[in-house]
Amino acid sequence: MKYESHIKPISFLKSHAAEIIKTIQVDREPLVITQNGEAKLVVMDIKSYDEQQQTLALLKILALGQKDIKEGLYRSAQDVLNDLDKDN
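Residues numbered from 1 in each chain as written. Predicted model: local features only at pLDDT ≥ 70, side-chain atom pairs only at ≥ 80, totals over all residues. Heavy atoms only, no water.

Enquirer: Please provide a residue-by-residue account of helix 3 (residues 46-70), values included.
Expert: Compared with the 36 Å implied by 1.5 Å per residue over 25 residues, the 36 Å span of helix 3 between its first and last C-alpha is a close match. If you check the start of helix 3, you find a side-chain oxygen 3.3 Å away from the backbone N of K47, and it comes from D45. Where helix 3 ends, the next residue or the one after it, G72, has phi of about 75°, a positive value. (Helix = DSSP H or I, 4+ residues; strand = E, 2+ residues; numbered from the N terminus. Expected span 1.5 Å × (residues − 1). Polar contact = N/O pair within 3.5 Å; in protein donor to acceptor, adjacent residues only side chain to side chain.)

Now the structure itself:
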């Protein structure tokens, strides 16, 4: 992702907060805020944030699943299906 056009100093955030909110909600691109020339924070719309959190949760589940597989903590799909059939 290119951030060049989405980097602003903290003074810009202070003086253009309402404008920034509108722009971020429409563009759905995060804004990097700098202080003394160094990136300090990222401002993003809530919908993008929620989507990012959901994605991170799914990635965590996948990572845990891969760990279980490496440790041999799994069952074959056929065994699971057989158990489901027994319950019905």
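Enquirer: I'd love a proper account of the sheet that holds strand 1 (residues 7-9), names of residues and values included.
Expert: The strand order across the open sheet built from three strands is 1-2-3, with neighbouring strands paired in mixed fashion. Of all the strands in the sheet, just strand 1 and strand 3 (38-43) have a single pairing partner and so form its edges. Across the sheet, the axes of successive neighbouring strands diverge by a mean angle of 35°, strand direction being ignored. (Pairing = 2+ DSSP bridges. Axes fitted to C-alpha atoms, helices over the stretch in contact; angles between N-to-C directions.)

Enquirer: I'd like to hear about the pairing of strand 3, residue by residue, with values.
Expert: Consecutive residues of a regular strand have side chains that alternate between opposite faces of the sheet. Sheet topology places strand 2 (residues 31-35) next to strand 3; five bridges connect them, and they run antiparallel. Residue pairing for strand 3: T34 is matched across the bridge by A39. In sequence, strand 2 turns back onto strand 3 through a hairpin of two residues, with N36 there showing a positive phi of about 55°.

Enquirer: Give a description of unusual backbone geometry that names residues and reports values.
Expert: Glycine aside, residues mostly have negative phi, and peptide bonds are mostly found in the trans state. Of note in the backbone geometry, R28 takes a positive phi value of approximately 55° without being a glycine. Relative to the helices and strands, R28 resides in the loop between helix 2 (17-27) and strand 2. Note on R28: relative accessible area 31%, which makes it partly exposed. With phi around 55°, N36 is a residue other than glycine that occupies positive phi space. Along the chain, the position of N36 falls in the loop between strand 2 and strand 3. (Buried < 20%, exposed > 50% of the residue type's maximum accessible area, 1.4 Å probe, protein only.)

Any functional reading would require information that these geometric values do not contain.
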